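Spelled out from the first residue to the last, the chains are:
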Amino acid sequence: MRVLVTGAAGSIGSVLCSGLVDRGHSVAGLDRVPEPEGFTGAWFTADCADPDAVEAVFTACVKAGGLDAVVHLAGIPTEASLPEELTSHVVTTAALLDAMVRHGVARIVYASSNHAVGRTPRSDLLDTGARPRPDTFYGVAKVAAEGLLSLYVDRHGLDAVATRIGSFLPQPETTRALATWLSHDDAVRMFEACLTTPDPGFAVIYGVSANTRGWWDLAPGRALGYEPQDDAERYVDVVHATDTDEAEAAHVGGVFAMPQFERPALDGPAT
Ligand code: 15L
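Given the structure is predicted, the values throughout are model-derived calculations rather than measurements.

Attention shifts here to the pattern of salt bridges. Counted under the stated rule, the structure contains 10 salt bridges. For Asp-159, the salt bridge identified is with Arg-107, shortest N-O distance 3.5 Å. Taken together, the residues Asp-159 in strand S6 (residues 159-165) and Arg-107 in strand S5 (residues 107-113) connect sequence positions 52 residues apart. Each of the two residues, Asp-159 as well as Arg-107, counts as buried. Residue Asp-230 is joined to Arg-189 by a salt bridge in which the shortest nitrogen-to-oxygen separation is 3.9 Å. On the criterion of sequence distance, the pair formed by Asp-230 in the loop between helix H7 (219-223) and helix H8 (245-249) and Arg-189 in helix H6 (residues 184-196) is long-range, its members being 41 residues apart. Each member of the pair, Asp-230 together with Arg-189, is buried.

Next up, the structure:
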């Protein structure tokens, strides 16, 4: 499969690009920074929020043999002002979707986040039908980006899978991550399943490993062929309890749902 990966130089991007290449896919990378050492495919240094730049990337990919799908990982991975978040997650997604429609690229797999439902209180099982309940402006932007995907699926018949990723780390480092961890290998498995599953239409899944302490529904991912194989429990002896564990466990989004993440939406006048 010929795949364009945005945010290809980032933490998930670098793992995913080499993972997809190892599995026989042809990968083009797009990022605001130059290609990392060792990257072997086509590389585009561009900002996904710029529709002209995105158009040039698609034109080049199509000319070089075609494009089957986009994996959209680019974006600020944490909290910022609302306009910054909307540009980083919603405008970039819109620019890619418009280019997909123009160039007949049928599938996008999107790195959404658990923070789209981060203010959801702890329960026995978090299902993907839970109402959007963001914990931050970052989460608000992820909800809006998921909405855009849904709109383009309905309007243009695209396939779009939003993966609400948990804690993508080499290994879990906190008590919360014993439940929310997504291993590197499982991330590659998950994205490949989302790229290759037949006709997903619009789908939302949770991007976590098969953690013993996990409580986010894995069934929607499994329905698309994502079979997680790792379990954070393997690291239980190296994760140390802290005073904030209980507060972090109260909501899906952990610390993002706690008061220290509260800030005004806009960078207003200095007081
Ligand atoms: C995310 O979506 C963030 O990008 C990352 O910084 C972590 O907060 C992660 O979720 C998580 O919930 O652990």
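Within the secondary structure, Ser-88 sits in helix H3 (residues 82-103). Judged by relative accessible area, which is 12%, Ser-88 ranks as buried. When residues no more than four places from it in sequence are discounted, the contact partners of Ser-88 are Ala-74, Gly-75 and Ile-76.

Our next topic: the sheet that holds strand S9 (residues 202-207). In space, the seven strands of this open sheet follow the order S3-S2-S1-S4-S5-S6-S9, with parallel pairing throughout. The sheet is open, and its two edges are formed by strand S3 (43-45) and S9, each paired on a single side. Put simply, the sheet's adjacent strands are angled 20 degrees from each other on average, direction ignored. Here seven bridges tie S5 to S6, and the two strands are oriented parallel to one another. Across the sheet, residue Ala-111 finds its bridge partner in S6, namely Thr-163.

To continue, consider the site of the ligand. With respect to spatial proximity, the complete set of residues near the ligand consists of Pro-77, Ser-113, Asn-114, His-115, Tyr-138, Gly-166, Ser-167, Arg-176 and Phe-256. Within the side chain of Arg-176, an N or O atom sits 2.9 Å from an oxygen atom of the ligand. Starting from 320 Å² of accessible surface for the ligand in isolation, the protein chains cover 73%. Spatially, the ligand is embedded in the largest pocket.

With 20 residues, helix H4 (residues 137-156) extends 28 Å between its outermost C-alpha atoms, agreeing within 8% with the 28 Å of an ideal straight helix rising 1.5 Å per residue. Along H4, the residues classified as buried are Phe-137, Tyr-138, Gly-139, Ala-141, Lys-142, Ala-145, Glu-146, Leu-148, Leu-149, Tyr-152 and Val-153. Looking at the buried positions of H4, the neighbouring elements they touch are H3, S5, S6 and S9. Remark: Gly-157 follows H4 within two positions and exhibits a positive phi of approximately 70 degrees.

Okay, the packing of aromatic side chains next. One pass over the structure, following the stated rule, counts six aromatic pairs. A centroid spacing of 4.9 Å and a plane angle of 75 degrees characterise the contact between Phe-39 and Trp-43, whose relative ring orientation is edge-to-face. Summarising the burial analysis for this pair, Phe-39 and Trp-43 share the class buried. Between Phe-256 and Phe-261, the aromatic rings sit 4.4 Å apart at their centres with planes inclined by 20 degrees, giving stacked as the arrangement. The class of Phe-256 is buried, set by a relative accessible area of 12%. Site record: aromatic cluster; members linked through ring pairs are Tyr-138, Phe-256 and Phe-261.

This paragraph deals with unusual backbone geometry. You will see that Asp-199, though not glycine, has its phi angle at about 45 degrees, which is positive. Among the structural elements, Asp-199 can be located in the loop between H6 and S9.

Further remarks concern the pairing of strand S1 (residues 2-6). Counting buried positions along S1 yields four of five residues, so the element is predominantly enclosed. Strand direction decides the pairing type here: S1 and strand S2 (residues 26-31), joined by five bridges, are parallel. From the neighbouring strand, Val-3 faces S2, where its bridge partner is Val-27. For the crossover from S1 across helix H1 (residues 11-22) to S2, the handedness is right-handed. Here four bridges tie S1 to strand S4 (residues 69-72), and the two strands are oriented parallel to one another. Looking at the pairing, Thr-6 lines up with His-72 of S4.

For the pair H3 and H4, interaxial distance at closest approach is 8 Å and the crossing angle is 15 degrees. In this view, H3 runs roughly parallel relative to H4, as classed from their interaxial angle. When the axes of H3 and H4 are compared, the crossing they make is right-handed. From H3, Leu-82, Glu-85, Leu-86, His-89, Val-90, Thr-93, Ala-94, Leu-97, Asp-98 and Val-101 reach across to H4, where they touch Phe-137, Tyr-138, Val-140, Ala-141, Lys-142, Ala-144, Ala-145, Leu-148, Leu-149, Tyr-152 and His-156. Residue classes in the contact of H3 with H4 are distributed as 15 nonpolar, three polar and three charged.

Cut-offs and rules
- Residues numbered from 1 in each chain as written.
- Predicted model: local features only at pLDDT ≥ 70, side-chain atom pairs only at ≥ 80, totals over all residues.
- Heavy atoms only, no water.
- Salt bridge = Lys/Arg side-chain N within 4 Å of Asp/Glu carboxyl O.
- Helix = DSSP H or I, 4+ residues; strand = E, 2+ residues; numbered from the N terminus.
- Buried < 20%, exposed > 50% of the residue type's maximum accessible area, 1.4 Å probe, protein only.
- Contact = heavy atoms within 4.5 Å.
- Pairing = 2+ DSSP bridges.
- Axes fitted to C-alpha atoms, helices over the stretch in contact; angles between N-to-C directions.
- Near = heavy atom within 4 Å.
- Polar contact = N/O pair within 3.5 Å; in protein donor to acceptor, adjacent residues only side chain to side chain.
- Areas by Shrake-Rupley, 256 points an atom, 1.4 Å probe, with all protein chains shown as cover.
- 1 Å grid on protein atoms, 1.4 Å probe; cavity = no way out; pocket = protein on both sides within 12 Å on 5 of 7 lines; lining within 4 Å.
- Sits in = over half its atoms within 2 Å of the grid points.
- Expected span 1.5 Å × (residues − 1).
- Phe/Tyr/Trp six-rings, centres within 6.5 Å; stacked < 30°, edge-to-face > 60°.
- Right-handed = clockwise from strand over helix to strand, strands pointing away.
- Parallel < 35°, antiparallel > 145°, perpendicular 65-115°, else oblique.
- Left-handed = near helix turned anticlockwise from the far one by under 90°.
- Nonpolar A, V, L, I, M, F, W, Y, C, P; charged D, E, K, R; others polar.

All we've got here are geometric facts, nothing functional implied.
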